[in-house]
Each structure stands twice: as C-alpha cells, then as structure tokens.
Amino acid sequence: MFNVLSSVLRYIFITAIYVFIFAIIRMIYKDIRGMVQQEEYVAAQSAPILRVIGYRDNSYHGPRNDYPLSKSKIVIGRTKSCDIMVEDMLVSNKHVSLWFEDNEWHIRDLKSRNGTWLNGTRIEEPYLLDDGDVIRVGEMELEFKV
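Worth saying up front: this structure is predicted, and the values here are computed from it rather than measured.

Colleague: Tell me about the nonpolar core, residues and numbers included.
Modeller: Formed by 20 residues in total, the largest nonpolar core has its most connected members in Leu50, Leu69, Ile76, Leu98, Ile107, Leu129 and Ile135. Sorting the residues of this core by element identifies strand S1 (49-55), strand S3 (73-77), strand S5 (96-101), strand S6 (104-109), strand S10 (134-137) and strand S11 (140-145) as the ones contributing at least two each. With three residues, S11 is the single largest residue contributor to this core. Excluding anything up to four places from it in sequence, Leu98 contacts Leu50, Leu69, Ser72, Lys73, Ile74, Ile76, Trp105, His106, Ile107, Leu129 and Ile135.

Colleague: Any chance you could break down the packing of aromatic side chains for me, citing the residues and the numbers?
Modeller: Here the structure, examined in full by the defined rule, presents one aromatic pair. Measuring from ring centre to ring centre gives 5.3 Å for Phe100 and Trp105, while their planes differ by 50°; the resulting arrangement is tilted. According to the relative accessible area criterion, Trp105 is buried, its value standing at 7%.

Reading guide: rules and limits
Residues numbered from 1 in each chain as written. Predicted model: local features only at pLDDT ≥ 70, side-chain atom pairs only at ≥ 80, totals over all residues. Heavy atoms only, no water. Core = buried A, V, L, I, M, F, W, Y, C linked by side-chain atoms within 4.5 Å. Buried < 20%, exposed > 50% of the residue type's maximum accessible area, 1.4 Å probe, protein only. Helix = DSSP H or I, 4+ residues; strand = E, 2+ residues; numbered from the N terminus. Contact = heavy atoms within 4.5 Å. Phe/Tyr/Trp six-rings, centres within 6.5 Å; stacked < 30°, edge-to-face > 60°.

In structure tokens, the structure reads:
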C-alpha cells in the first residue's frame with residue numbers, strides 16, 4: 001500500500017513541476033510578445049505620416065486619414081499593389097514614390113499622366129521632403145508630417 005501511495009504522490013509532484021515550468025515558459029513568451037508589440041507601436045508612432053488634409057475641390061468632409069510611412073519605400077497609386085491606394089480617376093496606377101535615404105525622405109513622380117504637385121508646384125524630378133510639405137495626387141492633398 002505504501003509503494004502505491006508513494007508512486008501516486010511522486011507522479012502528482014512531477015506533474016506539478018511540469019505545470020509550474022509550463023506556466024513560467026508561458027509568462028516569458030507573453031512578456032517577449034508584449035515587448036515586440038510595444039516596439040512596433042513606438043516605431044509606428046515615431047514614423048513620419050502622410051495626413052489627408054483635403055481635396056482640391058473641397059469635397060472632402062470625412063475624418064482625417066493618417067498613413068504612417070513605416071517602410072523605407074512607399075508607392076501611392078490606384079492599384080491594390082500600391083502601399084497607399086487612392087481611388088481617384090486622376091491618379092495613375094503607380095503615381096508617386098516616397099523613399100527614405102540618407103536620413104531624409106524623398107519624393108518622385110512616376111511619370112504619371114496628371115503629375116504630382118509639391119507645395120503647388122508640379123514636380124518633374126526627385127525632391128527632398130520637409131515637415132509640412134503638401135503633396136497633391138489627383139484631387140487629394142496630403143501633408144507630410146515628421
């Protein structure tokens with residue numbers, strides 16, 4: 001009888017140890033996952049954004065849309081393959097590109113039919129972006145915010 005009771009208690013003790021180890025591993029996993037999510041959140045918060053500020057004909061009355069520039073190259077256009085898709089018939093399939101190089105953001109028109117406008121001037125070559133620059137793509141106006 002003593003041997004059976006001893007074996008049962010031994011298995012209960014071993015099971016308790018495994019449950020305890022599993023609980024510790026689970027807590028470590030959740031902690032690491034939380035740290036990664038927090039780092040992604042901080043990176044997204046510190047990334048520059050393109051903010052929709054309106055449409056040229058003042059028809060935009062919706063909430064402001066912010067597009068974080070979380071990748072080193074962003075393409076704006078009408079197709080789903082673009083990073084920022086704009087449903088506007090005046091926007092080309094791949095209209096404009098923004099990219100981060102040498103700690104600065106650049107913009108380039110991708111030979112669009114109706115052009116890209118930066119602070120009211122049509123651009124034909126790459127330019128550096130500054131905080132507060134207004135980019136017009138089709139009818140949409142976007143403000144570059146650092």
